[in-house]
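A look at the structure
As a plain string of letters, each chain reads:
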Amino acid sequence: MAKTLNDLLDAAIRDEIAAQKFYLAALEKTNNPRLKELFKSVAKEEKGHERILKGVKEMGIYDGTLPVDEESVRKIENAHVIPDEEPIEEMSIERAMEVAMKKENKASQVYGHMEQTSTRDELKKLFSSLSSDERRHAKTIDEHYRILTGQMGRED
Ligand SMILES: [Fe+2]
Ligand SMILES: [Fe+2]
């Protein structure tokens, strides 16, 4: 069956919920207060993305039956998913952060692609803002990762 804008938004909502679960599980893997704070704040922002996407869908600003290509729905469904990802319970904290950076870079690319392929200005803006949020997530996680692995030297 042909895919619609509502299918695309639903797929994005599912992906954002899965991302929250990942960060809430990551939070349980560490006692480091800075990392706990990091995961908590990223999970909160993914929750914010879920709310924004649900809002777009529920407010009915767009015709939810607009056709979209199946490939885009598949991409967005897995925006925060990387191939060969083992269950988070099996990951070390370093690995969880490496996976998280990949997830965020991928999500940023997927939303960036959606921005480029959307024909409506408001949707372009929505995807552009999601894409830059995800890019920021990747950057913040990367900064914490460097501190954790000592790549930035000692912090005083
Ligand atoms: Fe997100
Ligand atoms: Fe994210």
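Residues numbered from 1 in each chain as written. Chains lettered and ligands numbered in written order. Predicted model: local features only at pLDDT ≥ 70, side-chain atom pairs only at ≥ 80, totals over all residues.

1. So, the overall build of the chain
Counting its secondary structure elements, the chain contains five helices and two strands. Starting at the N terminus and walking to the C terminus, you meet the elements of the chain as β-α-α-β-α-α-α. In terms of overall size, the chain behaves like a compact globule, its C-alpha atoms giving a radius of gyration of 16 Å where 156 residues would be expected to give roughly 15 Å. Viewed in the frame of its principal axes, the chain has a C-alpha envelope of about 55 × 30 × 25 Å. Burial statistics for the chain: of 156 residues in total, 29% are counted as buried. (Helix = DSSP H or I, 4+ residues; strand = E, 2+ residues; numbered from the N terminus. Rg over C-alpha atoms; globule rule 2.2 N^0.38 Å. Buried ≥ 20, exposed ≤ 12 C-beta atoms within 10 Å, placed from the backbone.)

2. What about the packing of helix α2 (residues 33–59) against helix α5 (residues 121–148)?
Contact geometry of α2 with α5 gives a least axis separation of 11 Å together with a crossing angle of 170°. As summarised for this structure, α2 and α5 are arranged roughly antiparallel, according to the angle between their axes. On the side of α2, the interface is formed by R34, L35, L38, V42, E45, H49 and V56, while α5 contributes L126, L130, D133, H137, T140, I141 and H144. By residue class, the composition of the contact of α2 with α5 is seven nonpolar, four polar and three charged. (Axes fitted to C-alpha atoms, helices over the stretch in contact; angles between N-to-C directions. Parallel < 35°, antiparallel > 145°, perpendicular 65-115°, else oblique. Contact = placed C-beta atoms within 7 Å. Nonpolar A, V, L, I, M, F, W, Y, C, P; charged D, E, K, R; others polar.)

3. Considerations on the nonpolar core
Ranked by internal contacts, the top residues of the largest apolar core, which has 19 residues, are L8, L9, A12, I76 and Y111. Contributing elements (two or more residues each) for this core: α1 (5–27), α2, α4 (93–117) and α5. Tallying contributions element by element places α1 first for this core, with six residues. Look past the residues within four positions of L8 in its chain and what remains in contact with it is K3, V68, S72, V73 and I76. Counting residues in each nonpolar core, the second largest holds 13 residues, with Y23, L38, F39 and A100 among its members. (Core = buried A, V, L, I, M, F, W, Y, C linked by C-beta atoms within 7 Å.)

4. What to know about the packing of α4 against α5
Remark: α4 packs on α5, axes separated minimally by 8 Å, with the N-to-C direction vectors making an angle of 160°. With respect to α5, the axis of α4 lies roughly antiparallel. Where α4 crosses over α5, the handedness of that crossing is left-handed. Looking at the contact of α4 with α5, its residues break down into 12 nonpolar, seven polar and seven charged. (Left-handed = near helix turned anticlockwise from the far one by under 90°.)

5. Notes on the environment of R136
One can find R136 in helix α5. Of the residues examined, R136 has 14 C-beta atoms within 10 Å and is grouped as partly exposed. Separated by 112 residues in the primary sequence, R136 and L24 place their C-alpha atoms 18 Å from one another.

6. Remarks on the environment of D7
Note that D7 resides in helix α1. For the pair formed by D7 and T149, sequence separation is 142 residues and the distance between their alpha carbons is 40 Å.

7. Side note on the environment of Q116
On the secondary structure map, Q116 appears in helix α4. Overall, the presence of 11 C-beta atoms within 10 Å leaves Q116 in the exposed class. It is 8.8 Å that separates the C-alpha atoms of Q116 and F127, two residues lying 11 residues apart in sequence.

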